[in-house]
Every structure is written in C-alpha cells, then in structure tokens.
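# Commentary on secondary and tertiary structure
The chain contents come next:
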Amino acid sequence: MNMMMSRHKIMIDNLMVALEASRQGDVQMAEVLTDRVRDASYSVTQRLAGYVLRSACGAIDAIGRAVDREAGLVHAEHEIEKARQLLNRSDLQTSAA
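Quick summary incoming for the structure in this document. All of these numbers come straight from a predicted model, not from anything done at the bench.

## Focus on the packing of helix H1 (residues 3-23) against helix H2 (residues 27-41)
Closest axis-to-axis distance for the H1/H2 pair is 8 Å, and the angle between their directions is 155°. It follows that H1 is roughly antiparallel to H2 by the angle criterion. Viewed along their axes, H1 and H2 form a crossing whose handedness is left-handed. Across the interface between the two elements, Arg7, Met11, Asn14, Leu15, Val17, Ala18, Ala21 and Ser22 of H1 pack against Met29, Ala30, Leu33, Thr34, Arg36, Val37, Ala40 and Ser41 of H2. When grouped by side-chain class, the residues that make up the contact of H1 with H2 number 10 nonpolar, 4 polar and 2 charged.

See the structure below:
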C-alpha cells in the first residue's frame, strides 16, 4: 500500500469513527474528526474526491442538528461510501500508472 492509499484509508476510517461518535451522541468527537478530515481533504490531488470528502464531513456534522436523525445517519453513510468508492478508483488509477 503506497502512502497516498494509506492517507485515503485513514481519512475514510476517521469518517467512519466520526459517524459512530455521532450515532452515540458524541458530537464533539465527531466534529474533531470531521475537522481533521476536512483539513486533509484540501491536499487530495483529485478535486472531486476532496469535495466528496468535505461533503461527507458536512453530512456527519449535520446529524446532530437533524430533525430526522435516522435519515441523517443514512445520508452520512451514503456520502462516506461515495468518498470511499471515488478514492478507491483514484488509488487504482494511480497504482496502474
């Protein structure tokens, strides 16, 4: 696993932990993790991937303010999965080059 793939995995892992923290009601921990991912997303080479990571962060942050928490959780899970798929495609293209 190259360094870029490792960084991408760490970002996705942080999003998953933030989602679980939010699910458990630990909004502060979720915000710390999403801030970390958001900051790191600006160094992602593929602009769309950075945008999707920030979108996932926003979805997680919104769970605490959601009227329908369950819908917020589902939306955040969907955004994380989009980010994971996009980063995986990016990693595959990078390793193939």
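## A closer look at H1
The first and last C-alpha atoms of H1 sit 30 Å apart over 21 residues, in line with the 30 Å expected at 1.5 Å per residue. Listed as buried for H1 are His8, Met11, Ile12, Asn14, Leu15, Ala18, Leu19, Ala21 and Ser22. Following H1 by one or two positions, Gly25 adopts a phi angle in the positive range, close to 90°.

## Examining the environment of Met11
Here Met11 is to be found in helix H1. Given the relative accessible area of 4%, Met11 is considered buried. It is 24 Å that separates the C-alpha atoms of Met11 and Ala66, two residues lying 55 residues apart in sequence.

Cut-off values and rules
- Residues numbered from 1 in each chain as written.
- Predicted model: local features only at pLDDT ≥ 70, side-chain atom pairs only at ≥ 80, totals over all residues.
- Heavy atoms only, no water.
- Axes fitted to C-alpha atoms, helices over the stretch in contact; angles between N-to-C directions.
- Helix = DSSP H or I, 4+ residues; strand = E, 2+ residues; numbered from the N terminus.
- Parallel < 35°, antiparallel > 145°, perpendicular 65-115°, else oblique.
- Left-handed = near helix turned anticlockwise from the far one by under 90°.
- Contact = heavy atoms within 4.5 Å.
- Nonpolar A, V, L, I, M, F, W, Y, C, P; charged D, E, K, R; others polar.
- Expected span 1.5 Å × (residues − 1).
- Buried < 20%, exposed > 50% of the residue type's maximum accessible area, 1.4 Å probe, protein only.

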